[in-house]
Amino acid sequence: MARTRKPKFTSALIVVDTRESLPLGFPGSTRKALATGDYSVVGMEERVAIERKTLGDFYTCVGRERARFQRELERLAAMTYPAVVIEASLSDVLHGHEFSRVHPTSAIGSILGWSVKHRLPFFLAENRRRCRSMVYHLLRHFWRHHREETDGHND
């Protein structure tokens, strides 16, 4: 009996929101306006979304754009798998942001509070390269899990 090859997850399956100003650079990815988040998987845009934040973006969301960001978190929380990936280390967050009046412990408190309230994982990815890898692998794991559920495949 011929063995069928299992489909592989590639960056061509990644959808990048058109409003993402500095995309992480996944070769072959698709640009599309996403209702929620910055990254998703082709055909699964309503089920999975990853919101990416730089340290500066994150501090803006904790501070002056807090109400807007909380609405974004509510939309994310309605998805099967949402996540927020911050392009910074814990040390970076704790040292604060030079352009923000938000105290670093308040920023950490916001992450903890939002993760509990919305059952939403927040990941700290030390730098852009690690952020890119984390987003890729989160989407790949979701895609694999979805395949296992719907097709009965095991990778």
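Rules of the game
Residues numbered from 1 in each chain as written. Predicted model: local features only at pLDDT ≥ 70, side-chain atom pairs only at ≥ 80, totals over all residues. Heavy atoms only, no water. Salt bridge = Lys/Arg side-chain N within 4 Å of Asp/Glu carboxyl O. Helix = DSSP H or I, 4+ residues; strand = E, 2+ residues; numbered from the N terminus. Buried < 20%, exposed > 50% of the residue type's maximum accessible area, 1.4 Å probe, protein only. Contact = heavy atoms within 4.5 Å. Core = buried A, V, L, I, M, F, W, Y, C linked by side-chain atoms within 4.5 Å. Phe/Tyr/Trp six-rings, centres within 6.5 Å; stacked < 30°, edge-to-face > 60°. Lys NZ or Arg CZ within 6 Å of the ring centre and 35° of its normal. Disulfide = S-S within 2.5 Å.

For the structure shown, the criterion picks out nine salt bridges. In this structure, Glu20 and Arg52 form a salt bridge, with 2.9 Å as the shortest nitrogen-oxygen distance. One end of the pair, Glu20, is in the loop between β1 (14–17) and β2 (30–32); the other, Arg52, is in strand β4 (residues 48–54), with 32 residues separating them in the sequence. For the residue pair Glu20 and Arg52, the accessibility class agrees, reading buried in each case. Between Glu126 and Arg130 there is a salt bridge; the shortest N-O distance is 2.5 Å. Judged by relative accessible area, Glu126 falls into the partly exposed class, the value being 46%.

To continue, consider unusual backbone geometry. Positive phi values are uncommon outside glycine, yet Arg119 reaches one of about 50 degrees. Secondary-structure assignment places Arg119 in the loop between α4 (104–118) and β6 (122–124).

Attention now moves to the environment of Ser110. Structurally, the position occupied by Ser110 is in helix α4. Residue Ser110 is classed as buried on the basis of its relative accessible area of 8%. When the C-alpha positions of Ser110 and Glu45 are compared, they lie 26 Å apart, and in sequence the two are 65 residues distant. Those residues in contact with Ser110 that sit more than four places away from it in its chain are Val62 and Arg66.

As a further point, take the nonpolar core. Ranked by size, the top nonpolar core spans 21 residues in total, and within it Phe58, Leu73, Val93 and Phe122 carry the most contacts. Looking at this core, the elements that each hand over two or more residues are α1 (55–62), α2 (66–77), β5 (81–87) and α4. Looking at this core, the element that brings in the most residues is α1, giving five residues. One finds Val41, Ile50, Cys131 and Trp143 within the second-largest nonpolar core, a separate group that totals 20 residues.

Now for the packing of aromatic side chains. A full pass over the atoms with the stated rule returns seven aromatic pairs. Centre to centre, the rings of Phe26 and Tyr39 are 5.8 Å apart; their planes meet at 85 degrees, and the pair counts as edge-to-face. Taken together, the residues span a long stretch of sequence, with Phe26 in the loop between β1 and β2 and Tyr39 in strand β3 (residues 39–41) at a distance of 13 residues. Considered together, Phe26 and Tyr39 belong to a single accessibility category, that of buried residues. What links up through ring pairs into an aromatic cluster is the set Phe9, Phe26, Tyr39, Tyr136 and Trp143. Between the NZ or CZ atom of Arg147 and the centre of the ring of Trp143, over which it lies, the distance is 4.9 Å.

Using the criterion set out here, one finds zero disulfides in the structure. The thiol sulfur of Cys61 is not disulfide-bonded, and the nearest other cysteine sulfur, from Cys131, lies at 14 Å. Given a relative accessible area of 2%, Cys61 falls into the buried group.

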